[in-house]
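Chain residues, written in single-letter form:
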Amino acid sequence: MNELKRVLLEKIATGSCHVGVIGLGYAGLPLALAFVERAQLKVTGFELDAAKVQALAAGRSYLRHVPSERIARARATGRFDATTDLDELARPDALLIAVPTPLDAARAPELEHVVSSGRAIAERLRRGQLIVLESTTYPGTTDGLLRELLERSGLTSGRDFFLAYSPEREDPGNRDFSTTTIPKLVGGVDADSGDVAAALYARVLDHVVHVATARVAEAAKLAENVFRSVNIALVNELKVVFDGMGIDVWQVLDAAATKPFGFMRFEPGPGPGGHCIPIDPLYLAWSAREAGARARLVELADEIHAGMPQYVLQKLEHALNARQRTLAGSKILLLGIAYKKDSDDPRESPALTLLTLLHERGALIAYHDPHVPIAPRLACRAELPPLKSQPLTSELLQTHDAVLLCTDHTDLDTALALRYARVIVDTRGVYREPHPKVVKA
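Per chain, residues are indexed from 1 in the order of the written sequence. Selection of residues for local features in this predicted model requires a pLDDT of at least 70, selection of side-chain atom pairs for listing and counting requires 80 or more, and totals for whole chains, interfaces and linings are taken over all residues. Only heavy atoms go into the side-chain values, all of them from the structure, while hydrogens and water stay out.

Draft legend 1. Representation of helix H7 (residues 191-202) in the model. Here a strand is any run of E in DSSP of at least two residues, a helix any run of H or I of at least four, and the numbering for each starts at the N terminus. In this analysis, the expected span of each helix is defined as 1.5 Å times one less than the number of residues it contains. Relative to the 16 Å expected for twelve residues at 1.5 Å per residue, H7 spans 16 Å between its end C-alpha atoms, a close match to the ideal helical length. Of all the residues in H7, the buried ones are Ser193, Gly194, Val196, Ala197, Ala198, Leu200 and Tyr201. The definition of a polar contact used here is a pair of N or O atoms within 3.5 Å, where within protein one atom must be able to donate a hydrogen and the other to accept one, and adjacent residues in sequence count solely through side-chain atom pairs. Two or three places before Asp192, at the start of H7, stands the capping residue Asp190, its side-chain oxygen 3.2 Å from that residue's backbone nitrogen. Only protein chains enter the calculation, and the probe is 1.4 Å; a residue is then buried if its accessible area is under 20% of its type maximum, exposed if over 50%, and partly exposed in between.

In structure tokens:
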């Protein structure tokens with residue numbers, strides 16, 4: 001056995017392995033805490049946002065689904081700290097990279113954060129370290145781009161250090177599955193790297209699935225999100241088709257879901273959001289084109305997603321016109337701007353697209369979201385103060401020309417909205433029974 005592999009496996013087995021997590025966001029922070037809580041390993045978090053590091057040092061959380069009590073308890077063990085000092089990257093035995101992988105202006109993969117992480121590690125890489133990429137990306141990133149960056153250190157992957165891919169599968173707010181109970185895919189660039197990475201994750205997670213290669217793990221993560229993207233696009237297309245036939249798509253789905261086999265329910269809405277569905281499938285589409293192929297269903301799904309906010313806006317305009325109002329100059333109240341139910345995450349939320357479209361059309365906009373107190377600054381409103389969530393009251397509802405229900409939070413007072421709103425454009429099927437005030441979108 002490779003001596004470096006033996007030493008690292010022994011550290012993992014004895015609990016003396018020091019883990020570093022690069023990027024303490026929605027994926028990185030829960031993972032770091034899991035290693036502290038369940039594996040009792042020493043963990044150092046690396047985060048360029050100094051405000052986040054300061055919050056963690058004070059035992060405060062900046063993520064709604066991660067209670068501050070967890071941070072405080074982890075800090076009290078003496079096994080968890082966070083830093084902005086990248087020179088500390090040489091200390092951990094394992095470095096897990098959980099940084100954003102967005103799209104650029106041309107809707108191609110933007111791997112700036114992966115590249116900068118790889119360069120920072122390469123400048124400090126030492127023999128025997130394990131590097132694992134967790135960020136969603138296209139097949140070949142780990143054994144291609146990242147490996148090349150790391151080997152600029154003069155060390156060789158598989159001989160001097162270990163390199164693997166293990167995609168994050170976080171689902172913030174999910175009450176049935178958490179970081180430690182979601183099965184974890186692990187694929188090494190080489191066999192030794194895969195073995196070491198699988199052993200590390202097995203210390204903290206209930207179920208580790210060791211796949212053949214890093215590329216298989218990268219492709220599997222994309223397949224998971226492509227599946228969701230295509231099916232969400234399908235039910236949204238059905239929503240538009242059935243609406244033209246005078247049929248309520250939510251009633252159709254309720255009926256179809258009674259079949260105990262051969263049907264899996266997906267929900268229509270104003271468009272997908274979050275860091276996964278609007279972005280990850282396009283990594284596959286881009287990668288396919290680079291390989292001389294086409295991911296046509298992926299591209300079509302993205303086209304349908306992109307059209308959903310405009311469809312909702314048309315429904316809103318028709319509802320206003322029926323009441324002798326135009327969109328320009330009308331006061332529109334959005335209910336919920338997080339991308340999904342009971343979440344505080346507004347990333348890629350279709351509600352933000354709707355806010356932008358409404359502002360561009362001359363509407364006067366406000367919003368209520370109990371989980372997002374301040375909206376992300378919109379490019380179309382850069383010169384204006386940021387939007388803040390307004391308390392949902394009868395007065396607020398009565399002073400707006402229309403309510404646009406974008407996110408169906410559990411604690412949203414939909415009965416109050418129905419009682420006092422002039423008209424509600426419902427994008428989530430909250431109001432199942434027909435009502436003269438409700439327009440389904």
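Now that the structure has been shown, we can carry on.
Draft legend 2. Quick peek at the pairing of strand E11 (residues 402-405). Here E11 shows no split at all, with Ala402 and Leu404 on one side and Val403 and Leu405 on the other all buried. Each pair of strands is called paired provided DSSP finds at least two bridges between the two strands. In this structure, E11 lies alongside strand E12 (residues 424-426), joined through three bridges in parallel fashion. Paired with Leu404 across the two strands is Val425, which belongs to E12. With strands facing away from the observer, any crossover in which the path from the first strand over the helix to the second runs clockwise is taken as right-handed. Where the polypeptide runs from E11 across helix H14 (residues 414-420) and back to E12, its parallel neighbour, the crossover connection is right-handed.

Draft legend 3. Inspection of the environment of Leu354 at higher detail. Along the chain, Leu354 turns up in helix H12 (residues 350-360). In this structure Leu354 comes out as buried when scored by relative accessible area, which is 0%. Note: C-alpha distance between Leu354 and Leu313 (41 residues apart in sequence) is 7.4 Å.

Draft legend 4. Broad picture of the sheet that holds strand E2 (residues 42-46). Taken together, the eight strands give an open sheet; going across it, the order is E3-E2-E1-E4-E5-E6-E7-E8, and neighbouring strands pair in mixed fashion. Looking along the sheet, the strands with just one partner apiece sit at the ends: strand E3 (80-83) and strand E8 (208-210). Each strand axis lies, on average, 25° off the axis of its neighbour in the sheet, ignoring direction. Summarising the sheet, strand E7 (residues 184-188) and E8 pair through three bridges and their orientation is parallel. Along E8, the bridge assignment pairs Val186 with His210. The angle between two axes is taken between their N-to-C directions and runs from 0 to 180 degrees, where each axis is a line fitted to C-alpha atoms and a helix contributes only its stretch in contact.

Draft legend 5. Representation of the packing of aromatic side chains within the structure. Here the aromatic set is Phe, Tyr and Trp, taking the six-membered ring for Trp, and pairing holds for ring centres within 6.5 Å; pairs whose planes are under 30 degrees apart are stacked, those over 60 apart are edge-to-face, and all others are tilted. Following the criterion strictly, the structure yields three aromatic pairs and no others. Here Tyr138 and Trp286 contribute two aromatic rings whose centre-to-centre distance is 4.9 Å and whose plane-to-plane angle is 50°, an arrangement assigned as tilted. Of the two residues, Tyr138 sits in the loop between strand E5 (130-133) and helix H6 (141-151) while Trp286 sits in helix H10 (residues 280-290), which places them 148 residues apart along the sequence. Of the residues examined, Tyr138 reaches a relative accessible area of 15% and is grouped as buried. Classification of Trp286 by relative accessible area gives partly exposed; the value is 22%. When the centroid spacing of 5.7 Å and the interplanar angle of 65° are considered together, the rings of Phe227 and Phe266 count as edge-to-face. Taken as a pair, Phe227 in helix H8 (residues 214-244) and Phe266 in the loop between helix H9 (249-256) and H10 lie far apart in primary sequence, 39 residues in all. Its relative accessible area of 41% is what places Phe227 among the partly exposed residues. Note that Lys184 overlies the ring of Tyr201, its terminal NZ or CZ placed 4.9 Å from the centroid. Here, a charge over a ring means that NZ of Lys or CZ of Arg falls within 6 Å of the ring centre while also lying within 35 degrees of the ring normal.

Draft legend 6. Structural view of the nonpolar core. Formed by 40 residues in total, the largest nonpolar core has its most connected members in Val19, Leu29, Phe35, Phe80, Leu96, Leu130 and Leu200. For this core, the element with the highest residue contribution is helix H2 (residues 28-37), accounting for seven residues. Core analysis: the next-biggest nonpolar cluster, separate from the first, contains 31 residues, Leu111, Val115, Ala120 and Leu133 among them. Each nonpolar core is a collection of buried residues, namely Ala, Val, Leu, Ile, Met, Phe, Trp, Tyr and Cys, held together in the definition by side-chain atoms within 4.5 Å.

Draft legend 7. Representation of a nonpolar patch on the surface within the structure. Together, Val241, Met245 and Ile247 line one region of the surface with nonpolar side chains, adding up to about 260 Å² of accessible area. Note that Met245 resides in the loop between H8 and H9. The class of Met245 is exposed, set by a relative accessible area of 55%. Distance thresholds for patches are 9 Å for like charges and 5 Å for nonpolar side chains (Val, Leu, Ile, Met, Phe, Trp, Tyr), applied to residues having over 30% relative accessible area and no salt bridge. All accessibility values rest on the Shrake-Rupley procedure with a 1.4 Å probe; residue burial counts only the protein chains present in the view. Whenever Lys or Arg places a side-chain nitrogen within 4 Å of a carboxyl oxygen from Asp or Glu, that contact is recorded as a salt bridge.

Draft legend 8. Region of the structure containing the sheet that holds E11. Strand order in the open sheet formed by five strands is E10-E9-E11-E12-E13, and the pairing between neighbours is parallel. Either end of the sheet is taken by a strand with one partner, and the two such strands are strand E10 (364-368) and strand E13 (438-440). If you compare each strand with its neighbour and ignore which way they point, the axes differ by 25° on average. Bridge analysis of E12 against E13 gives three bridges, and the strand direction is parallel. The residue bridging Ile424 from the neighbouring strand is Val438, located in E13. Packed on one face of the sheet, H12 meets strand E9 (331-335), E10 and E11 and runs near 175° to E9. It only takes one pair of heavy atoms within 4.5 Å for two residues to be counted as in contact.

Draft legend 9. Just the packing of helix H11 (residues 296-321) against H12, in detail. Between H11 and H12, the least distance of the axes is 10 Å, while the angle of their chain directions is 50°. Looking at the two axes, H11 sits oblique to H12. Viewed along their axes, H11 and H12 form a crossing whose handedness is right-handed. Every residue of H12 that contacts H11 at Pro309, Gln310, Val312, Leu313 and Leu316 is listed here: Thr353, Leu354, Leu357 and Leu358. Between 65 and 115 degrees an angle is taken as roughly perpendicular, under 35 as roughly parallel, over 145 as roughly antiparallel, and anywhere else as oblique. Put simply, a crossing is left-handed when the front helix is turned counterclockwise from the back one by less than a right angle, and right-handed when it is turned clockwise.

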